[in-house]
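As a plain string of letters, each chain reads:
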Amino acid sequence: MTSSFAFANLEFPRPIVQAPMAGGITTPELVAACANAGALASLGAGYLSAEAITTQCSAIRALTSCPFAVNLFVPASTIADDDVIKRARAALERCYQSAHVSMPEAFAELPTFESQFEAMLDAHPAVFSFTFGRLDARYINACRARGIALVGTATSLSEALALEEDGVDAIVLQGEEAGGHRGSQAPEGDAQPLMTLIKSCCARIARTPLIAAGGLMTAADLSRAQHAGASAGQFGTLFLLADEAGTSASWRDALMEVVLCRDHKATGTTRAVSGRIARGIKNAWMDERAPQAIAPYPEQHRLTAPLRKAAGVQWKSFWAGTGAHLCRSGSAAALIKALDNCSISD
Ligand SMILES: Cc1cc2nc3c(=O)[nH]c(=O)nc-3n(C[C@H](O)[C@H](O)[C@H](O)COP(=O)(O)O)c2cc1C
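Residues numbered from 1 in each chain as written. Predicted model: local features only at pLDDT ≥ 70, side-chain atom pairs only at ≥ 80, totals over all residues. Heavy atoms only, no water.

### Side note on the nonpolar core
Stage number 1. Core analysis: the largest hydrophobic core is formed by 100 residues, its most contacted members being F117, F128 and F239.
Stage number 2. For F128, the contacting residues outside a window of four places in its chain are V70, L72, F113, F117, M120, L135, C143, I148, A149, L150 and V151.
Stage number 3. By size, the runner-up hydrophobic cluster in this structure holds 15 residues, among which are F7, A69, A149 and I211. (Core = buried A, V, L, I, M, F, W, Y, C linked by side-chain atoms within 4.5 Å. Buried < 20%, exposed > 50% of the residue type's maximum accessible area, 1.4 Å probe, protein only. Contact = heavy atoms within 4.5 Å.)

Next comes the structure, spelled out in structure tokens:
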């Protein structure tokens, strides 16, 4: 199998993408360590302000001269209905009460995509990756004009075909096993097992390199994805316990418990945290305690943020993929080294 990864005018020594993970996981230290180890490393900037994007890109550059990616969330094209938001807010009151957290009157705004995109352009990473949708032509043209390569996210063949038509340089194919948010272009998009998705896309996507994502934890997983037709593998959950990752202590504890119990069914999906489907370690968001009325993303995300911040582990969002039980601690470089070539029977 190829041991490097080339697309656009870029070449990476390893066929590995360190997944963008918004929410502080992909610290500049993690991104730089992965880039220095030969991967395409990604800063998950979806929740960062423009200023933070600028600062974190400078911090990455102080630690590495290798190319890296910045990742953002494409905003929804529809505006949420006030009544739907009111119902979601009312449904969440019970959750706040049960967690002994007072529900605030007002909820923090998220940074605008425009401001984030401008900061990304100014920071001039080698790659701009995006999820939750297709990119308008004006954003594509702005990246092209600066020589920034584009990587979009698809969870189905039709989404991958649409991205190819848009002219992206590579496509992340995200399977249902993936930790974090489902990157579908439609908020309620379907998910498929990763191998099924790769095989269906390889038959039709001829020009654009495919990056496999979802449940990849070992060298053998990477080989399987490459055999199926992917050019590289994107790893998120694998890095959650990395020394350089920004994963909180309680999140690390929850993962360690899953690892120690070898619990391969520890994760589930929910829409209740953010309004978009996401996979994480099972807790109150995934059982009968979860609110039934849910606002669309990003409104639900804003409404639940204070609860997730202040409450105990039952109301946190510990995103992780189906491979969570195979998480390992160590330096990012060691985790990447362990993905070196293997026989597929490993
Ligand atoms: C904690 C966490 C946060 C994530 N945040 C993002 C993100 O900001 N942008 C994005 O495109 N994908 C995000 N993802 C999804 C990853 O890009 C990738 O698809 C996924 O991690 C692959 O599955 P795995 O976690 O099983 O390796 C996130 C995943 C996790 C686990």
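### Some points on the site of the ligand
Stage number 1. Close to the ligand lie 22 residues, the nearest being N71, G215, Q234, G236 and T237.
Stage number 2. Between the ligand and G215, the relevant distance is 2.8 Å, taken from an oxygen atom to a main-chain nitrogen or oxygen of the residue.
Stage number 3. Between the ligand and G236, the relevant distance is 2.9 Å, taken from an oxygen atom to a main-chain nitrogen or oxygen of the residue.
Stage number 4. Here the ligand loses 96% of its free accessible area of 590 Å² to cover by the protein chains.
Stage number 5. For the shell around the ligand, the elements supplying multiple residues, two or more each, are β5 (68–73) and β11 (232–235). (Near = heavy atom within 4 Å. Polar contact = N/O pair within 3.5 Å; in protein donor to acceptor, adjacent residues only side chain to side chain. Areas by Shrake-Rupley, 256 points an atom, 1.4 Å probe, with all protein chains shown as cover. Helix = DSSP H or I, 4+ residues; strand = E, 2+ residues; numbered from the N terminus.)

### Brief notes about the sheet that holds strand β9 (residues 180–181)
Stage number 1. Read from one edge to the other, the open sheet built from three strands follows the order β9-β13-β12, with strand pairing classed as antiparallel. With one partner strand each, in any of the chains shown, β9 and β12 (267–270) form the two edges of the open sheet. (Pairing = 2+ DSSP bridges.)

### A closer look at the packing of aromatic side chains
The description of an aromatic ring pair uses the distance of the two centres, along with the angle that the planes make with each other.
Stage number 1. Applying the stated criterion across every chain, the model contains 14 aromatic pairs.
Stage number 2. Here F117 and Y139 contribute two aromatic rings whose centre-to-centre distance is 4.7 Å and whose plane-to-plane angle is 65°, an arrangement assigned as edge-to-face. You can see F117 sitting in helix α4 (residues 113–123) and its partner Y139 sitting in helix α5 (residues 137–146), a full 22 residues away along the chain. The two residues F117 and Y139 agree in class, both being buried.
Stage number 3. Consider the rings of F132 and Y297, whose centres lie 5.4 Å apart with planes at 75°: the pair is edge-to-face. (Phe/Tyr/Trp six-rings, centres within 6.5 Å; stacked < 30°, edge-to-face > 60°.)

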